[in-house]
Amino acid sequence: MIRALLIPLALLLSAPVAAQLPEAPIGDPANPNTVIDFGAPEDLVVETEEGEYPLSVLMADEDDERSRGLMFRSELSDSEGMLFDYGQPQPISMWMRNTEIPLDIIYINSDGEIVKIIANAQPMSLRSLPSEFQVQAALEVRGGLSLEQGIRPGSIVRHRIFDNVQPDESRPETVEDTPSEDTIAEESQDN
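## Description of the environment of Ser-125
Moving on, step 1. Its location among the elements puts Ser-125 in the loop between strand E6 (114-121) and strand E7 (129-130).
Moving on, step 2. Residues Ser-125 and Trp-95 lie 30 residues apart in sequence; the distance between their C-alpha atoms is 6.6 Å.
Moving on, step 3. Not counting residues up to four positions away in its chain, the partners in contact with Ser-125 are Trp-95, Met-96 and Arg-97.

## With respect to the environment of Glu-75
Moving on, step 1. Among the structural elements, Glu-75 can be located in the loop between helix H2 (63-68) and strand E3 (80-90).
Moving on, step 2. Given a relative accessible area of 60%, Glu-75 falls into the exposed group.
Moving on, step 3. In this structure the C-alpha to C-alpha distance between Glu-75 and Ile-101, which are 26 residues apart in sequence, comes to 6.7 Å.

## Quick word on the nonpolar core
Moving on, step 1. Within the largest apolar cluster, 20 residues are counted, with the highest numbers of intra-cluster contacts made by Met-82, Ile-105, Tyr-107, Leu-129 and Ala-138.
Moving on, step 2. The set of elements that each furnish at least two residues to this core consists of strand E2 (51-60), E3, strand E5 (103-108), E6 and strand E8 (135-142).

Parameters at a glance
- Residues numbered from 1 in each chain as written.
- Predicted model: local features only at pLDDT ≥ 70, side-chain atom pairs only at ≥ 80, totals over all residues.
- Heavy atoms only, no water.
- Helix = DSSP H or I, 4+ residues; strand = E, 2+ residues; numbered from the N terminus.
- Contact = heavy atoms within 4.5 Å.
- Buried < 20%, exposed > 50% of the residue type's maximum accessible area, 1.4 Å probe, protein only.
- Core = buried A, V, L, I, M, F, W, Y, C linked by side-chain atoms within 4.5 Å.

Following this line, the structure appears as structure tokens:
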């Protein structure tokens, strides 16, 4: 008899906690009707042992943006993601409230090095997903993408927030890049 009562109780307690939360009021980032402007997507590159993997990411560097994250998105392409910038190294924790798709959560230290990955985080879960390390940022991508692309701890994320963006060697020279006639004359006199 007691066992018959315990099994339904255990199932009830293990059900997603999201159903227990009241709907957030308008103005709260967790309300689907609250408008959050993330700005234009930015370029980001993940350097793996297999090569470079480019992404176009939305920036979440304000409290309301970090609170919203990728909530209410029904899809995310392999070339998209969201970069959460916390400004300075600290332990952080993410969750999947109102997030409809599985995501890989990639924790990144202030040098741009990936220190931890939570693969295929469960949609709609309120479970805390801690970084366990001092990190500056978290990158969210489609669930399973990290494994598919060889993204793992030790890989390097290149983006302006880490001050590790390498100059593009393929870009055309600009007027500032072209040596002046005085510089050419000085160099030829030195030889």
